[in-house]
Amino acid sequence: MRVFWLQRLTCCGNTHSFLNYESLHTLFKRFEFLYHPSLSLKAQEETVEELIKSGEGIDILIVEGAVRTDEVETRELCKIAKYVIAVGNCAVYGNIPALADETVCGLSYRFKERRGLLDKDFKSRGGMPVINLSGCPAHPEWIVGTMLMLAEGMEPELDQWGRPKVFYSSLTHWGCTRNEYFEWKVEAEELGSKRGCLFYHFGCRGPLSYSSCNTILWNEVSSKTRAGTPCFGCTEYDFPRLGLWETKQYAGIPAELPIGVSKRGYIMLSGIAKMFAPERLKGEG
Amino acid sequence: MKVENLELPRVEGEARLELFWKDRLIEDARIRINSMRGIERVLVGRHYMDALVITPRVCGICGHAHLIASVRAIEDALGIKPTEKARLVRNITQSLEVLQNHVKWFYLFMMPDFILLEERLRGLYEPFRGERWHIAINMASKIAKGIALFSGQWPHSSYAIPGGITSEPFVKELTSLRQILLELKHFFLSYVVGMEEAEFVKCLKEGSWQKLNGDAGLFLELCHREGLLTLGSSYDRLISGGGLYAPCGYFMKRVVHGRLKVDQIEELNAPSYSGTKPVRYRGMPFETGPLARQLMSGNLMVKSMHKEFKDSFAVRVLARILEVWSIVEVIELWIERLKEVLQEKSTSLGRFPSKATGIGYGIVEAARGTLIHRLSVRNGTIQDYAIITPSQWNLGPRCENFLGVAEKAMVGLKSKLHAQMVLRSFDLCSVCTTH
Ligand code: SF4
Ligand code: SF4
């Protein structure tokens with residue numbers, strides 16, 4: 001498959017995330033990279049010119065970075081690609097570059113609004129909408145995994161935000177090593193420890209964000225919450241929210257509860273959980 | 001006069017180079033980088049803790065340096081000190097980030113240019129295919145794993161907080177890191193310099209750079225043939241904010257000065273062609289980065305080469321490669337000290353004060369040189385945030401009196417490939433330059 005990687009307004013973090021993939025050697029045998037701005041010998045203009053002249057299309061166009069609402073070339077490239085993948089929150093929702101500039105957006109969205117560069121009903125040559133790999137950055141397994149599915153002829157099923165369900169149907173909370181603390185409502189009172197859950201005091205978005213960070217680990221070894229940092233919900237459209245390290249509360253109840261949990265249920269269960277929490281989870285240990 | 005406008009491949013981000021030719025020589029050069037993302041503006045009005053999540057997003061390859069600069073600026077403003085354990089761990093992860101950068105830069109960004117001069121090098125350095133290219137990428141991602149052991153992930157971790165770090169590393173992380181460092185040493189000795197450890201250490205002591213083998217040796221041989229040993233010099237004024245293995249100071253008129261006054265660093269207004277503000281120290285342009293650090297720390301190999309060729313293309317590149325060894329050595333020292341304080345707490349504070357007021361600086365030696373963050377907080381809210389990046393020093397534009405450092409280094413060159421290579425020797429990063 002022929003891949004073209006395009007960068008727009010970006011920090012290049014998704015590129016460096018991608019380069020962490022364990023077996024790039026075999027990957028580059030399966031996929032021919034026509035162009036990658038940080039890696040290729042030739043410049044982009046030259047490559048695009050040759051590409052258009054040759055009449056051969058692109059199999060996968062990967063877009064990294066936010067775009068401007070009037071970008072002609074990006075739109076043209078999307079048209080000649082069989083599949084288009086938006087990689088990282090900037091390309092999906094606009095993210096940080098869009099915060100300070102109204103003319104900046106993602107391929108399909110500007111934050112939660114369907115106001116991206118491409119038309120609402122955009123389909124690439126292969127008949128799929130843009131495949132969105134949100135995350136700041138996206139995990140290498142999500143990127144490569146999606147490419148491999150396309151290469152195998154198995155188009156990924158997408159969720160309501162155009163993200164492959166395989167990677168975005170579970171919460172960051174799944175597989176977090178602090179789950180037992182969450183269950184028994186043993187909250188971390190301080191940062192800097194392996195113990196305690198970060199939901200109540202430190203703004204952890206684990207139960208509110210769709211990502212597989214704790215089941216497909218980062219750099220094969222860890223994740224934010226495993227390293228004691230709250231999840232900031234970087235796979236969702238509202239990243240980066242204001243007050244990233246705080247849990248907003250009303251009358252002692254978190255303003256936002258885990259997805260699908262009612263306020264009544266939360267209050268009842270947490271009261272009971274706290275009362276019966278095993279001693280070994282409390283204190284220093 | 002002929003004007004040429006080039007798009008630069010293999011750059012972090014987007015950059016264009018304008019060359020002005022006269023009598024087959026480059027008479028003037030301008031670097032155009034314009035893709036602003038407005039990160040400083042986004043920070044104003046937010047709680048200061050948000051900076052720890054947002055500033056790493058300035059740059060995908062040196063985001064960790066931004067995180068550390070941010071946390072230091074906050075600690076400075078709030079009058080907080082991290083625990084010794086946290087300080088050491090932060091030093092280690094930030095240095096590892098520099099290491100992965102240098103490995104990628106040399107093999108993925110620098111060496112492929114030589115293919116355009118020597119077809120036979122394809123087998124080694126060709127993007128996506130070359131044997132060395134793959135080995136280097138693999139090595140870089142192992143180093144990134146070393147960072148993640150402590151920070152949860154790389155790129156874009158936010159594990160440094162006022163007073164310390166969020167993770168609670170113990171023996172297991174240290175032993176895993178040690179293995180990665182051993183592998184990196186092996187990589188460096190067998191591929192980069194092509195020598196046994198004892199032999200390399202001896203050459204280092206003698207300052208005999210001519211004896212280097214491996215890819216560094218090949219690089220020097222190619223430079224010799226292409227005349228690049230002497231080309232690409234700039235002002236030969238170098239500056240280091242102090243960090244990694246090097247003390248702070250500056251080099252000027254052949255003398256090393258061991259003190260640096262932060263209040264003498266200023267950002268000037270950008271000229272019309274550039275989105276970047278030039279940075280000056282005592283009114284003059286300085287180059288920052290590995291060459292500055294190596295001279296400050298007295299690396300004899302770099303010193304002897306610098307004595308012969310000043311701040312030329314080849315010296316700049318060699319300083320960057322050799323820095324890998326200097327950094328591995330200092331990390332080993334830090335690991336030894338860390339063993340002694342492993343029982344300490346990860347943070348001196350645990351909770352961060354929600355309302356706080358103050359002004360603070362955070363200075364870090366990032367891969368490309370001195371990085372400065374300055375923030376002002378009132379009642380917990382950021383009033384002002386300013387970032388001066390290493391690339392602003394090196395790739396920043398001209399002011400009324402001086403050309404930018406990289407601009408100056410390209411004047412007088414005879415080929416556009418050479419101009420691009422010289423530019424790349426500064427480890428071009430446009431995303432940092434504009435942020
Ligand atoms: S720290 Fe976050 S992800 Fe982990 S258990 Fe608590 S709420 Fe869930
Ligand atoms: S843990 Fe949360 S903030 Fe961190 S990468 Fe995963 S989704 Fe993003």
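In what follows, the structure referred to is the one given above.
Parameters and conventions
- Residues numbered from 1 in each chain as written.
- Chains lettered and ligands numbered in written order.
- Predicted model: local features only at pLDDT ≥ 70, side-chain atom pairs only at ≥ 80, totals over all residues.
- Heavy atoms only, no water.
- Helix = DSSP H or I, 4+ residues; strand = E, 2+ residues; numbered from the N terminus.
- Buried < 20%, exposed > 50% of the residue type's maximum accessible area, 1.4 Å probe, protein only.
- Polar contact = N/O pair within 3.5 Å; in protein donor to acceptor, adjacent residues only side chain to side chain.
- Pairing = 2+ DSSP bridges.
- Axes fitted to C-alpha atoms, helices over the stretch in contact; angles between N-to-C directions.
- Near = heavy atom within 4 Å.
- Nonpolar A, V, L, I, M, F, W, Y, C, P; charged D, E, K, R; others polar.
- Contact = heavy atoms within 4.5 Å.
- Buried area = accessible area lost by both parts, 1.4 Å probe.
- Salt bridge = Lys/Arg side-chain N within 4 Å of Asp/Glu carboxyl O.

K.L.:
Can you lay out the environment of Glu56 of chain A for me, pointing to particular residues and giving the numbers?
P.N.:
Residues and elements named next belong to chain A. Along the chain, Glu56 falls in the loop between α3 (44-54) and β3 (58-64). Since its relative accessible area comes to 45%, Glu56 is described here as partly exposed. Expressed as a C-alpha distance, the spacing of Glu56 and Ser169, which sit 113 residues apart in the sequence, is 35 Å. Polar side-chain contacts of Glu56 include one of 3.2 Å to the side chain of Arg2.

K.L.:
Please give an account of the sheet that holds strand β1 (residues 2-7) of chain B that cites residues and values.
P.N.:
All names here are of chain B. With antiparallel pairing, three strands are arranged side by side in an open sheet as β1-β2-β3. Here the strands that pair on one side only, and so sit at the sheet edges, are β1 and β3 (25-32). Across the sheet, the axes of successive neighbouring strands diverge by a mean angle of 20°, strand direction being ignored. Judged from the six bridges that link them, β1 and strand β2 (residues 16-22) form a sheet pairing that is antiparallel. Considered in β2, the bridge of Val3 is made with Phe20.

K.L.:
Residues and numbers for the site of ligand 2, please.
P.N.:
The immediate surroundings of ligand 2 are formed by Thr172, Ser211, Cys213, Trp218, Lys224, Cys231, Phe232, Gly233, Cys234 and Thr235 of chain A together with Gln153 of chain B. Near ligand 2, the surrounding residues belong to chains A and B. Split by residue class, the shell around ligand 2 holds five nonpolar, five polar and one charged.

K.L.:
Before we move on, could you go through the interface of chain A and chain B and cite the residues and values that matter?
P.N.:
If you look at the interface, chain A gives 62 residues, while chain B gives 66 residues. Buried area between chain A and chain B, summed over both chains or domains, comes out near 5,300 Å², and the portion from carbon and sulfur atoms is 59%. Among the residues of chain A in contact with chain B, His16, Leu41 and Trp245 of chain A are the three that bury the most area, contributing 14% of the side total. Counting across the chain A and chain B interface gives four salt bridges. We note a salt bridge from Glu189 of chain A to Arg351 of chain B, for which the minimum N-O separation is 3.6 Å. The tally of links between chain A and chain B comes to 23 residue pairs in polar contact (both at pLDDT 80 or more). Of all the secondary structure elements, the ones that give two or more residues to the side of chain A that touches chain B are α1 (13-18), α2 (24-30), β2 (32-35), α3 and α6 (95-99) of chain A. Here the side of chain A that touches chain B is composed, by residue class, of 30 nonpolar, 20 polar and twelve charged.

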